[in-house]
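Structural description and commentary
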Amino acid sequence: MKIRIVIGDTTLNATLENNATARDFAALLPLTLQLNDYSQTEKVSDLPRRLSTAEAPAGSDPAIGDIAYYAPWGNLAIFYRDFSYSRGLIRLGHIESEAETLRTAGPLTATTELSTD
C-alpha cells in the first residue's frame, strides 16, 4: 500500500508493509500529526489510538526512512538516522524518497494520506 507524507511543500512517498499493524495505521488515514524530534534520530508523534500488534515481531532494527510504531508508548516514529534494534518497535513501512526534510530542527506538521498514484 502506498502513502504520502506531506510536510510543507515537500511530499515523501512511502510504501507500507503487509502486516496487521500497518493495515491498522492505514485505517487512520488521512491524519495530520505534529512530528517532534527525539534523540536527533527520529521524528515521533502520538497517534489517536493504539494500533494492533497481532503477529508482530518482538522488535526491529530501523534504518533511515523507516516508518515504525513503538508499541510500548503507542506512538509513530519516522527515522532520519540509523538506529539499533529496539524491542517493541514494529516496522510499518519505508519512505522511498529522500527523507532529508525530517532532519529539520524542531517540530514539523505532517499530513499522511493514502496515495492515489
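Refer to the structure presented above.
Analysis parameters
Residues numbered from 1 in each chain as written. Predicted model: local features only at pLDDT ≥ 70, side-chain atom pairs only at ≥ 80, totals over all residues. Heavy atoms only, no water. Helix = DSSP H or I, 4+ residues; strand = E, 2+ residues; numbered from the N terminus. Contact = heavy atoms within 4.5 Å. Phe/Tyr/Trp six-rings, centres within 6.5 Å; stacked < 30°, edge-to-face > 60°. Buried < 20%, exposed > 50% of the residue type's maximum accessible area, 1.4 Å probe, protein only.

Structurally, Ser86 can be placed in strand 8 (residues 86-87). As a C-alpha pair, Ser86 and Tyr70 span 16 residues in sequence and 8.8 Å in three-dimensional space. If we ignore the near neighbours within four places in the chain, the residues touching Ser86 are Gly59 and Ser60.

Before going further, it helps to examine the environment of Trp73. Within the secondary structure, Trp73 is located in the loop between strand 6 (66-70) and strand 7 (75-79). Distance from Trp73 to Thr11, taken between C-alpha atoms, is 27 Å for residues 62 residues apart in sequence. Among residues more than four places away in sequence, those in contact with Trp73 are Tyr38 and Arg50.

On inspection of all chains with the given rule, the structure shows three aromatic pairs. Ring centres 5.7 Å apart and planes at 85° place the aromatic pair Tyr38 and Trp73 in the edge-to-face group. In this pair, Tyr38 is assigned in strand 3 (residues 31-38) and Trp73 in the loop between strand 6 and strand 7, connecting sequence segments 35 residues apart. Among the residues examined, Tyr38 registers a relative accessible area of 36% and is labelled partly exposed. Of the aromatic side chains, those joined through ring pairs into one cluster are Tyr38, Tyr70 and Trp73.

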